[in-house]
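The residues making up each chain are set out below.
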Amino acid sequence: MKNRRYFDALKISSAALAIGAALSSAPVFAQEAAEEASEQPAIVVTGSRIARPDLESSSPVSVVTSEQIQLSGTNNAEEYLRDLPQAVPAIGGNTNNGNPGVATLDLRNLGEERTLILVDGKRFVPFDSNGIVDLNMIPAALIERAEVLTGGASSVYGSDAVAGVVNFVMKKNFEGFEADAQYGITEKGDGQNRSFSITAGVNSEDGRGNLVVNATYVKVDAVTQGARDFSRDVLAAKDLGAGGGSSTVPEGVIDGLVAFGGRGIFDAAGNLAPFDIKKQGFNFNPFNLLLTPQNKWTATALARYEINDSIEFYGRSSFANSRVSTIIAPSGTFGFEFDLNYLTNPNLSAQAKAILAQNDVTAAGDTTPGDGNIKINFRRRTTELGTRNTVFENTAYQLVGGFRGDISESVKWETFAQWGRTSRTQSFENDLSFDAVQAGILDGSVNLFGPGKLSLEAGQKIRLDLQQIDATSQFVAGGFLTADLPFTLASDTPGGIVIGAEFRREKSIAKPDQNLIEGNSIGFGSSTPIDAQLTTKELYAELNVPIVTDKPFFHSFSLEAGIRHSDYTNLDKQIARGNNFKTTSFKVGGEWSPVEDLKIRGGFNRAVRAPNLNEIGQPFTPGTGDANFDHCESVDRGQPIVLSKDVVNNLNRGAAATELLNLCVATGVPLAALQAGLVDGIVAGQINNFSGGNINLTPEKADTFTIGAVFKPSFLRGFTASVDFYDINVKNAIFSVPEQEAIIACYEIEKKADGFFCSRIKRNPLNGSLSGGLDTGVDSSTVNIGGARNRGIDFAASYQFDIGEDTNLAFAVNATRTLKSTLDFGASVRECAGRLGGICLRPLPKLQWIQTSTLEHGPWTFQLRWQHIGKLTNDSVAFGLGGAVAEDFAVPVIGARDYFDLYGSVEVAKSLKFRAGINNLLDSLPPIVGNDFGGTTENSGNTYPGTYDPLGRSFFVGATLSF
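Residues numbered from 1 in each chain as written. Predicted model: local features only at pLDDT ≥ 70, side-chain atom pairs only at ≥ 80, totals over all residues. Heavy atoms only, no water.

- An unreviewed UniProt entry annotates the protein chain as TonB-dependent receptor originating from Sphingorhabdus profundilacus.
- Among the UniProt annotations of the protein chain, the heading Subcellular location (unreviewed entry) holds the following wording: "Cell outer membrane". (UniProt positions renumbered as here; feature names shortened; annotations may be inferred.)

1. What about the overall build of the protein chain?
So, step 1. Counting its regular elements, the protein chain contains 16 helices and 47 strands.
So, step 2. For the protein chain, whose C-alpha radius of gyration is 30 Å, the value lies close to the compact-globule estimate of 30 Å for 963 residues.
So, step 3. Expressed along its principal axes, the backbone C-alpha trace of the protein chain runs to roughly 95 × 55 × 50 Å.
So, step 4. Across the 963 residues that make up the protein chain, the buried fraction comes to 60%.
So, step 5. Contacts in the protein chain between residues far apart in sequence, at least 24 positions, make up 74% of those at least 6 positions apart.
So, step 6. For the protein chain, the accessible area works out to roughly 34500 Å², and carbon and sulfur atoms hold 58% of it. (Helix = DSSP H or I, 4+ residues; strand = E, 2+ residues; numbered from the N terminus. Rg over C-alpha atoms; globule rule 2.2 N^0.38 Å. Buried < 20%, exposed > 50% of the residue type's maximum accessible area, 1.4 Å probe, protein only. Contact = heavy atoms within 4.5 Å. Areas by Shrake-Rupley, 256 points an atom, 1.4 Å probe, with all protein chains shown as cover.)

2. Things to note about the sheet that holds strand 43 (residues 872–874)
To summarise the sheet geometry, strands pair through backbone hydrogen bonds and adopt either a parallel or an antiparallel arrangement.
So, step 1. The mixed open sheet is built from 3 strands, whose spatial order is 40-43-44. The open sheet has two edge strands, strand 40 (835–836) and strand 44 (893–894), and neither has a second partner. (Pairing = 2+ DSSP bridges.)

3. Some thoughts on a positive patch on the surface
So, step 1. A cluster of basic residues, Arg505, Lys507, Lys537 and Lys573, forms a positive patch on the protein surface.
So, step 2. As for its position among the elements, Lys537 is in strand 25 (residues 530–551). (Patch = residues over 30% accessible without salt bridge, like charges linked within 9 Å, V, L, I, M, F, W, Y side chains within 5 Å. Salt bridge = Lys/Arg side-chain N within 4 Å of Asp/Glu carboxyl O. Lys, Arg positive; Asp, Glu negative; His and termini not counted. Charge placed at Lys NZ, Arg CZ, Asp CG, Glu CD.)

4. Remarks on the nonpolar core
So, step 1. In terms of nonpolar packing, the biggest core is built from 75 residues, with Leu81, Ile138, Val166, Phe168, Met170, Ile743 and Tyr747 touching the most fellow members.
So, step 2. For this core, the elements supplying multiple residues, two or more each, are helix 4 (77–81), strand 5 (115–119), strand 7 (143–150), strand 8 (164–170), helix 13 (657–666), helix 14 (671–676), strand 32 (719–731) and helix 15 (739–750).
So, step 3. The element best represented in this core is helix 15, accounting for 6 residues.
So, step 4. With 28 residues, the next largest nonpolar core counts Leu348, Phe378, Ile441 and Leu454 among its residues. (Core = buried A, V, L, I, M, F, W, Y, C linked by side-chain atoms within 4.5 Å.)

5. Regarding the sheet that holds strand 35 (residues 777–779)
So, step 1. Spatial ordering of the open sheet is given by 29-30-35-34, a layout of 4 strands whose pairing is mixed. Two strands in the sheet have a free side with no partner beyond their single neighbour: strand 29 (621–626) and strand 34 (761–762).

6. Quick look at the state of the cysteines
So, step 1. Taken as a whole, this structure holds 3 disulfides when the rule is applied.
So, step 2. A disulfide bridge connects Cys632 with Cys664, and the sulfur atoms are separated by 1.9 Å. Between Cys632 and Cys664 the sulfur-sulfur dihedral comes to about -95°; the bridge is accordingly left-handed. Placement of Cys632 in the loop between strand 29 and helix 12 (645–652) and of Cys664 in helix 13 is noted, with a sequence separation of 32 residues between them. In this structure, Cys632 and Cys664 share a single accessibility class: buried.
So, step 3. Sulfur-sulfur distance for the disulfide between Cys832 and Cys840 comes to 2.0 Å. In this structure the cystine formed by Cys832 and Cys840 twists about its S-S bond by roughly -75°; its chirality is therefore left-handed.
So, step 4. Of note for the protein chain: the bonded cysteines, numbered N- to C-terminal, pair according to 1-2, 3-4, 5-6. (Disulfide = S-S within 2.5 Å.)

7. Here we look at the packing of aromatic side chains
The way to describe two aromatic rings as a pair is by their centre distance and the angle between their planes.
So, step 1. A full pass over the atoms with the stated rule returns 29 aromatic pairs.
So, step 2. Ring geometry for Phe554 against Phe557: centres 6.0 Å apart, planes inclined by 70°, an arrangement best described as edge-to-face.
So, step 3. A ring pair is formed by Trp860 and Phe862, whose centres lie 5.8 Å apart and whose planes are at 5°; its orientation type is stacked.
So, step 4. Overall, the relative accessible area of 40% leaves Trp860 in the partly exposed class.
So, step 5. Residue Phe862 is classed as partly exposed on the basis of its relative accessible area of 40%. (Phe/Tyr/Trp six-rings, centres within 6.5 Å; stacked < 30°, edge-to-face > 60°.)

8. Some remarks on the environment of Pro765
So, step 1. Checked against the element boundaries, Pro765 lands in the loop between strand 34 and strand 35.
So, step 2. Under the relative-accessibility criterion, Pro765 is labelled exposed at 57%.
So, step 3. A C-alpha to C-alpha distance of 28 Å links Pro765 and Gly98, two positions 667 residues apart in sequence.
So, step 4. Beyond its immediate chain neighbours, meaning those up to four positions away, Pro765 contacts Glu337, Pro670 and Thr776.

9. Remarks on helix 7 (residues 350–357)
So, step 1. Among the residues of helix 7, those classed as buried are Ala352, Ile355 and Leu356. The arc enclosing the buried residues of helix 7, seen along the axis, measures out at 95°, which places them on a common side.
So, step 2. Looking at the buried side of helix 7, the elements it contacts are strand 13 (253–257), strand 14 (262–266), strand 15 (272–274), strand 19 (336–341) and strand 20 (373–379). (Arc of directions from axis to C-beta.)

10. Points about the pattern of salt bridges
So, step 1. Evaluation of the coordinates by the stated rule reveals 51 salt bridges.
So, step 2. The shortest N-O distance in the salt bridge between Arg842 and Glu938 comes to 3.9 Å. Taken together, the residues Arg842 in the loop between strand 40 and strand 41 (847–857) and Glu938 in the loop between strand 46 (912–919) and strand 47 (954–962) connect sequence positions 96 residues apart. Summarising the burial analysis for this pair, Arg842 and Glu938 share the class buried.
So, step 3. Residues joined in a network through salt bridges with shared partners are Glu113, Arg114, Arg609, Glu615 and Glu700.

11. What about the side chain of Glu112?
So, step 1. You can see Glu112 is positioned in the loop between strand 4 (106–107) and strand 5.
So, step 2. Within the structure, Glu112 has its side chain in polar contact with the side chain of Thr104 (distance 2.8 Å).
So, step 3. There is a polar contact of 3.0 Å between the side chain of Glu112 and the side chain of Arg842.
So, step 4. Setting aside its immediate chain neighbours within four residues, Glu112 contacts Ala90, Ile91, Thr104, Leu105, Asp106, Ile132 and Arg842. (Polar contact = N/O pair within 3.5 Å; in protein donor to acceptor, adjacent residues only side chain to side chain.)

12. A short note on the pairing of strand 28 (residues 598–609)
So, step 1. Direction of pairing for strand 27 (residues 577–595) relative to strand 28: antiparallel, over a ladder of 8 bridges. What sits directly across from Val588, in strand 28, is Phe604.
So, step 2. Counted along the chain from strand 27 to the antiparallel partner strand 28, the turn is 2 residues long.
So, step 3. Two elements, strand 28 and strand 31 (residues 700–711), share 12 bridges in a ladder whose sense is antiparallel. Its bridge partner lying in strand 31, Val608 is registered against Lys701.

13. Describing the side chain of Glu178
So, step 1. With respect to the helices and strands, Glu178 occurs in strand 9 (residues 176–186).
So, step 2. Within the buried set, Glu178 has no salt-bridge partner at all; the shortest N-O distance to an opposite charge, 4.1 Å, is to Lys171.
So, step 3. Apart from residues lying up to four places away in sequence, Glu178 is in contact with Lys171, Ser197, Ile198, Thr199, Thr960, Leu961 and Ser962.

14. Concerning the environment of Tyr80
So, step 1. In this fold, Tyr80 is placed in helix 4.
So, step 2. Placed 588 residues apart in sequence, Tyr80 and Gly668 show a C-alpha to C-alpha distance of 48 Å.

15. Details of a nonpolar patch on the surface
So, step 1. A contiguous nonpolar surface patch, about 590 Å² in accessible area, is contributed by Trp297, Phe319, Tyr397, Leu399, Trp419 and Phe475.
So, step 2. Mapped onto the secondary structure, Trp419 falls in strand 22 (residues 411–432).

16. Overview of unusual backbone geometry
So, step 1. Of note, the phi angle at Asn173 is positive, near 60°, even though the residue is not glycine.
So, step 2. When you line up the elements, Asn173 lands in the loop between strand 8 and strand 9.
So, step 3. Assessed through its relative accessible area of 15%, Asn173 is described here as buried.
So, step 4. Of note in this structure, Asn942 is not a glycine but carries a positive phi near 70°.
So, step 5. You can see Asn942 is positioned in the loop between strand 46 and strand 47.
So, step 6. Look at Asn942 and you get buried, because its relative accessible area is 0%.

17. Some remarks on helix 15
So, step 1. The element helix 15 is largely enclosed, with a buried count of 10 among its 12 residues.
So, step 2. Listing the buried residues of helix 15 in full gives Glu739, Gln740, Glu741, Ala742, Ile743, Ile744, Ala745, Cys746, Tyr747 and Glu750.
So, step 3. Two residues or fewer past helix 15, Lys751 is found with a positive phi of approximately 60°.

18. Here we look at the confidence of the model for the protein chain
So, step 1. Confidence in the prediction for the protein chain averages 90 pLDDT; 92% of positions are at 70 or higher.
So, step 2. Across residues 1–40, confidence stays below pLDDT 50; counting only partners more than four residues off in sequence or on other chains, it has 121 contacts.
So, step 3. Counting contacts from residues 636–655, a segment whose pLDDT is below 50, to residues more than four positions away or on other chains yields 46 contacts. (pLDDT = per-residue confidence, 0-100.)

Below is the structure:
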């Protein structure tokens, strides 16, 4: 085949790169070539479709090799990639509450939706309507390398490539057989994990084709928060004192009791007494997970066949089934509003009836005083029913097929089509039916007023299991033509041009059961049907022109440019409405080598992100969100707002007491509740919220600028270094405004009840709090507002050298210094670099690095890996949220953390290799900050388990058999 050298080039170059990476032990570093460009075949690098005679790119591209992933003992690619300085930990195995059963990647702290995931340069099917890829579905055993590109790449790949691109390059043209097995366990004897994979490849008899198949199985056991001392009890961020937790308790609590000036708790006799959350709160931590269990199967086949000397067929089929379970504390009534007739209810004691009668008066807001009918916000934990369990089962299929060939030595073409589908079943167990609880309270058949009062029969009456079935499909077809330019300038190398077209259609359907749709599920919340689709038609072109080579101060100089025009049409079938918009993304860049040892590179990219199917198609849905303080809450229980500490705090922030009082009333707080000091505060950092899409959303735009240099001194063989500055600026961002940010914007900045932010706050009509029934909460549905920006410097270096005839030593470092990471929600701009909490949800240190030291001696390899995570300051302290000062937190600043891992491998025979490792070699504890330090998903078990190792020292052993 004329272009066999061209099509095999990616395999050849990646093999050389993998060897180099293994020797240098760099977990990720700029792609550099040891050979002269003229000695290498043309290859295609992530970020361009033009074949190049070197491994470098004008955009920073970093590489993680299969050797590094395997040597580290990780079972999923996400486990390794989330530690890279370019990323922040997203959803993974250490995420429990808020984990939809997947593993995701977030580059530059700009969100998973702004990181594009590719497999062999093509989109992988997303797991749901958010358009995000579950990395569990990509088999680690078949990955040859992962290329991580920083900055926008929409002109090459289309929407979503805003923060960057991660391209998983598979092991194509594999020949032979390879079996791999691995077992891991923590020093505590839990968290067992096992993985098995088989890969086989064969060439056709005529040498024109190759087939590779792989099957992988992974099983991970759960670890509960109760299994570690630091996470066993709910600790308060203020003083790390035990106690507290949730106000929804097994005894049952009623809010807003006039007799107590607040909440009352039932005792074993059914009597009511004042409730003290610090002494009587429910400890939910032991039930939750530090490590979620997983069962995963994947099967993949890769094929290619040369039909003739000018045409080659290629294809890939992927199947994956992942089953992930999460566990959270038993369900309860969580402050929902219930109707109660205290006079006729047989389960209430005489004392409790007398207490409740004090609320059945006009002064307490009752419109029919004295009739026995009152409304209560009730908090009863149904421990009798067991934990709330969620099982997420994702099954993904993807078929990719295409043809490529050449018209001449310099003109080549490719066309392809791909189809993928993810079927997703979510099963929710052991919740409560609101309707059944309400009916049971009214007729007395369900007794929730006291510990142990719920009978088995009554428990089964109110118990509720739920299910939601989703399906997301993706079809992509396209083709492009690439050619050498018919001329050269002051260079020996001709330029290249690409022109192409692409069509993409994505559909997503969500089918929750009727109880989820109607909001009858108290503990799991609501869900709504989605039926949406997005169609994209695109034309693109790319140009690379070498300007000068082999001249004084111009060893090489080249320019590149690209443009893509996209036409989007979306449709929300639920409301029979759609939208249409057009975007243009482009790039310009260049490389200049004044001498052979130094290359300076830079570029500007205009990237776009179209709203995904969830952002356009999700109906308005009640749920749960995060917040730590409410301006209208009664801090001094039973005292009028004009005397409460909350007003004093607000005065310190410049808000007059009268102005605050009027605004609280105007935004839905009952005046009587304010005057009586009965406005309940936020418990466990959670409030009610509303999420939803918006068919009128328009695409985001992002401007990305990068400039850097690569240094490969000829006088120091084996040394490579690169430094790159990046600046990613997202405008017209599609955001769900954080609940706490909306509260602050309303009461501190906007101060208008009908303003944008204040109008998004819906208060509990009984006590004015932000928790209760389905009509209470903060609206966090998606809008085009503000933007996000991330700016920083990446540095990478590796040095390898021989210290003996059969011994090699290598050092490598990959570091990021984040200079800026801002979030603009329209009312304020928050700087999140080096901060975390209720606004800056995911930890992003200003400085982080990974350094490796590797010794190779004959068949032996040893590696010490050092991960540094810089310090982080609580954002409430940094921003002065709620008048917060450092003294309000036991740990206002999380100090820098360092983790060390030790790995080793030995090739005992040509076909057999063993490996072993110790992760968290020094058994370092995670920082203990309390359970209400930040957002619920990230801040769990009194720490940040996705960022810091929560399991302690762990071990693994593995073996690879190949022939």
